[in-house]
Number of protein chains: 2
Amino acid sequence: MTSRPAPTDHPILDHLRQRWSTFAFEPRPLPPGELRSLFEAARWAASSFNEQPWHFLVAARDQEDEFARMLSCLVEVNQAWAQNASALVLSVTRLGFTRDGKPNAMARHDLGLATGQLTIEAVSRGLAVHPMGGIVPDRIRELYGIPEGFEPVTGLAIGFAATAESLSEELRRREMAERVRRPQRDFVFGGSWEQPAELD
Amino acid sequence: MTSRPAPTDHPILDHLRQRWSTFAFEPRPLPPGELRSLFEAARWAASSFNEQPWHFLVAARDQEDEFARMLSCLVEVNQAWAQNASALVLSVTRLGFTRDGKPNAMARHDLGLATGQLTIEAVSRGLAVHPMGGIVPDRIRELYGIPEGFEPVTGLAIGFAATAESLSEELRRREMAERVRRPQRDFVFGGSWEQPAELD
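Presented here is an overview of the structure given in this document. Position labels on residues start from 1 in each chain and follow its written sequence. Whichever chain is written first becomes A and whichever ligand is written first becomes 1, with later ones labelled in order. The predicted origin of the model limits local features to residues at a pLDDT of at least 70 and limits the giving and counting of side-chain atom pairs to 80 or more, whereas totals for whole chains, interfaces and linings rest on all residues.

Take the relation of the copies chain A and chain B next. Copy one and copy two of the chain differ by a rotation about an axis and a translation along that axis. Superposing copies: least-squares fit, C-alpha atoms only, residues required to have pLDDT of at least 70 in both. Of the transformation superimposing chain A on chain B, the axial component is 0.0 Å and the angular component is 180°, with the fit at an RMSD of 0.0 Å. On this basis, the relationship between the two copies can be described by a two-fold rotation axis. Here 100% of the interface residues in chain A have copies in chain B that are interface residues too; the copies meet face to matching face. A residue pair is marked as a contact if its C-beta atoms, positioned from the backbone, fall within 7 Å.

Rendered as structure tokens:
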């Protein structure tokens, strides 16, 4: 397994430092129980009015037909590497509140929160999760019968990180690129917008 | 500190099981460095095209004027208990991509992912994070000068969980209510919508 810990400016949990969206997966199945624990981690996320807008469609690698069907819901450039994942997931959110159908402004945000918890659970089990915006929502709606009022948001490739040698040249270049983020002064403000926070 | 571990159906990381949106905080400041590590955890989240749409405004408890100003951006029912937090945060997302201004469909989702990482970092440090949809976006825009193209999404109360005895009767009732979530069969599907996934 390849490790690419984040070059952090401040100490964080090792699971968060090790989290990384690899392109290189070892094509093998997950041990029993792993996916249940990942979804359980998502399940206990916070949500606005405890609405729990998150929904997941899942296909494990050893469910060959289902896995191929779900793979076909990703854009082609993602299919090329996600085909080696141990499981694929499509995340879907409910746009309105269950109780009255009114729009839930937190529908996508709370799906993200739950997906974050799923991801850290995965890392703690030695797995990598690569989230993808590159999905084909209309195809997902049709293939899986997603009802009105629900929106496919992401795909997740979940599995065992492999070495970059298994990748095409282009993906290997992206895989090995430096991990970069904006510094905190660019997004942590105090007093007014764009004023870097002064913190102990 | 009060503990209300989630009654999970499958094993998950202890930090995830202990995560809980308490209403009861001990009104005392955070040790130095804590907030920096929380934002660092958010910083290293994944995001669509590495856009990192997340932004945070923060006020620590010992920055008294700033803390009071940020508290005034919450709806009144939240002010009642969040006033005891050690720090308040307002989360804001950038709605368009930096490179071309086109709408980022993942703007709120990726803020949620980052907030999830911040939250787990906090739990690992013995802190509680209570996310709030109940904020006053127009007031936030005005007080902090949020530019067009950015959207205030949540407030976060961060601090040390206290016992429920410090709460009003109504909040104590909510604090002590059973922790409930939908079962996995209601949101983890395989093959088609509403068909519970069959997983090892």
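Let us look at the interface of chain A and chain B. Counting residues at the interface gives 67 residues for chain A and 67 residues for chain B. Sort the elements by how many residues they give to the side of chain A that touches chain B and helix α5 (residues 107-124) of chain A lands first, with 12 residues. For the side of chain A that touches chain B, the per-class residue count stands at 34 nonpolar, 21 polar and 12 charged. Two strands pair when backbone bridges link them, and strand β6 (residues 188-189) of chain A and strand β2 (residues 54-60) of chain B are joined in this way by 2 bridges, in the parallel orientation. Of the residues in β2 of chain B, the one forming a bridge with V188 of chain A is F56 of chain B. The numbering of helices and of strands both runs from the N terminus, where a helix is a DSSP run of H or I of at least 4 residues and a strand a run of E of at least 2. Residues are sorted three ways: Asp, Glu, Lys and Arg are charged, Ala, Val, Leu, Ile, Met, Phe, Trp, Tyr, Cys and Pro are nonpolar, and all the rest, Gly among them, are polar. Should DSSP find at least two bridges between two strands, the strands are regarded as paired.

The subject of this paragraph is the pairing of strand β4 (residues 128-132) of chain A. All names here are of chain A. Exposure classification rests on a simple neighbour count of other C-beta atoms within 10 Å of a residue's own: a residue reaching 20 or more is buried, one at 12 or fewer is exposed, and one in between is partly exposed. C-beta atoms are placed from the backbone. A large share of β4 lies buried, amounting to 5 of its 5 residues. Alternating positions in β4 separate into two faces, A128, H130 and M132 on one and V129 and P131 on the other, with burial throughout. Pairing of β4 with strand β5 (residues 150-161), which is carried by 5 bridges, proceeds in the antiparallel orientation. Residue pairing for β5: A128 is matched across the bridge by G159.

Let's shift gears to the nonpolar core. Residues of type Ala, Val, Leu, Ile, Met, Phe, Trp, Tyr and Cys that are buried and joined through C-beta atoms within 7 Å form what is called a nonpolar core. Core analysis: the biggest nonpolar cluster contains 118 residues, and V58 and A87 of chain A together with V58 and A87 of chain B have the highest contact counts within it. When near neighbours in sequence (up to four residues on either side) are disregarded, V58 of chain A contacts L35, A87 and V89 of chain A together with V188, G190 and A197 of chain B.

A few words now on the packing of helix α2 (residues 34-43) of chain A against α5 of chain A. Working note: a packed helix pair is described by the angle between its axes plus the distance between those axes. Residue and element names in this part refer to chain A. Interaxial angle, 0 to 180 degrees, is taken between N-to-C directions of lines fitted to C-alpha atoms, where a helix line uses only the stretch in contact. Axis separation between α2 and α5 bottoms out at 7 Å; the angle between their running directions is 140°. Taken together, α2 and α5 sit at an angle that is classed as oblique. Along this stretch, α2 crosses α5, giving a crossing that reads as right-handed. Together, S37, L38, F39, A41 and A42 of α2 and A114, T115, Q117, L118, E121 and A122 of α5 make up the contact between the two elements. A breakdown of the residues in the contact of α2 with α5 according to their chemical character gives 7 nonpolar, 3 polar and 1 charged. Throughout this description, any angle smaller than 35 degrees is read as roughly parallel, any larger than 145 degrees as roughly antiparallel, any in the 65 to 115 degree range as roughly perpendicular, and the remainder as oblique. By definition, any crossing whose near helix is turned counterclockwise from its far helix by less than a right angle is left-handed, and any crossing with a clockwise turn is right-handed.

All names here are of chain B. One can find A107 in helix α5 (residues 107-124). Look at A107 and you get buried, because 26 C-beta atoms sit within 10 Å. As for A107 and W54, which are separated by 53 residues in sequence, their C-alpha atoms are 7.8 Å apart. Excluding residues that lie within four positions of it along the chain, A107 makes contacts with P53, T93, R94 and L95.

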